[in-house]
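Listed below, chain by chain, are the residues.
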Amino acid sequence: MIRLFINHAYMSMQNRMIVKSASGQNTYLIVGKWGRAKDALSLYSMSGDRLVEAKQTLLSLFPKFDFYIEDQKKATVKKIPGIQGLKKPYYVVSQLNWIITGDFVEQKYVVRSASGVIMRLEKNYSFQGDFYALTIEKEEYAPLCCVLAVIIDHYSAKRDTPWKQYKKEKYSLGFMHPFTFLK
């Protein structure tokens, strides 16, 4: 089992994201953007090797991404409306037969296959900022799960809009870190 962490502030800004291990070491680098057709996210090892690339193929309320490993298409991820419509959507990772369910308000998700749990993903809060904690059962799934976490976060219910982020950042004394005022 492996435990990884992704800082939420960088996920929201579509910036470079560094995935850290439980010991605090930099493990992966995620670069790219999403939200438009033909956009792509790439995950690199810290030595510079591209491990996974996710290309957005369908831009809609229920998007679709193709995952490539070593330039070969390995999976397709689609968001599916739930039984209650937009309240309980889920994701399907075809070719791997994974399903991603969870609470999109509380931001806690589980990736499952027929053989059991692949990953647990949950948002945590600390004095250093908000971050996602990924608990992955097999280390070989880690690169794919990191990119899945970024995509799931982008379409979660409680994401701050750029305007809300700007309002949080404008309360600053200049010589200190910005103050954030919560609701």
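Analysis parameters
Per chain, the residues get numbers from 1 upward, laid out in the order the sequence is written. Only residues with pLDDT of at least 70 get local features here, since the model is predicted, and only at 80 or more are side-chain atom pairs given and counted; chain-wide, interface and lining totals rely on the full set of residues. Side-chain metrics in this entry use all non-hydrogen atoms of the structure; hydrogen atoms and water are not considered. One side-chain nitrogen of Lys or Arg within 4 Å of one carboxyl oxygen of Asp or Glu is enough to make a salt bridge. To qualify as a helix, a DSSP run of H or I must reach at least 4 residues; to qualify as a strand, a run of E must reach at least 2; elements of each kind are numbered from the N terminus. Exposure classes here rest on a 1.4 Å probe applied to the protein chains alone. A residue is buried below 20% of its type maximum, exposed above 50%, and partly exposed in between.

A. Fine view of the pattern of salt bridges. Applying the stated criterion across every chain, the model contains three salt bridges. The partner of Asp71 in a salt bridge is Arg50, and the shortest N-O contact between them spans 2.9 Å. Taken together, the residues Asp71 in the loop between β6 (64–69) and β7 (72–82) and Arg50 in strand β5 (residues 50–58) connect sequence positions 21 residues apart. Here Asp66 makes a salt bridge to Lys73, at a shortest N to O gap of 3.6 Å. Residue Asp66 is classed as buried on the basis of its relative accessible area of 8%. Three or more residues joined by partner-sharing salt bridges are found here, namely Arg50, Glu53 and Asp71.

B. Molecular detail of unusual backbone geometry. Despite not being glycine, Glu70 shows a phi value in the positive range, around 55°. In this fold, Glu70 is placed in the loop between β6 and β7. What makes Glu70 exposed here is its relative accessible area of 71%. One non-glycine residue with positive phi stands out, namely Gln107, at about 60°. Examined against the element boundaries, Gln107 turns out to sit in the loop between β9 (98–103) and β10 (108–113). Residue classification places Gln107 among the buried residues on the basis of a relative accessible area of 1%.

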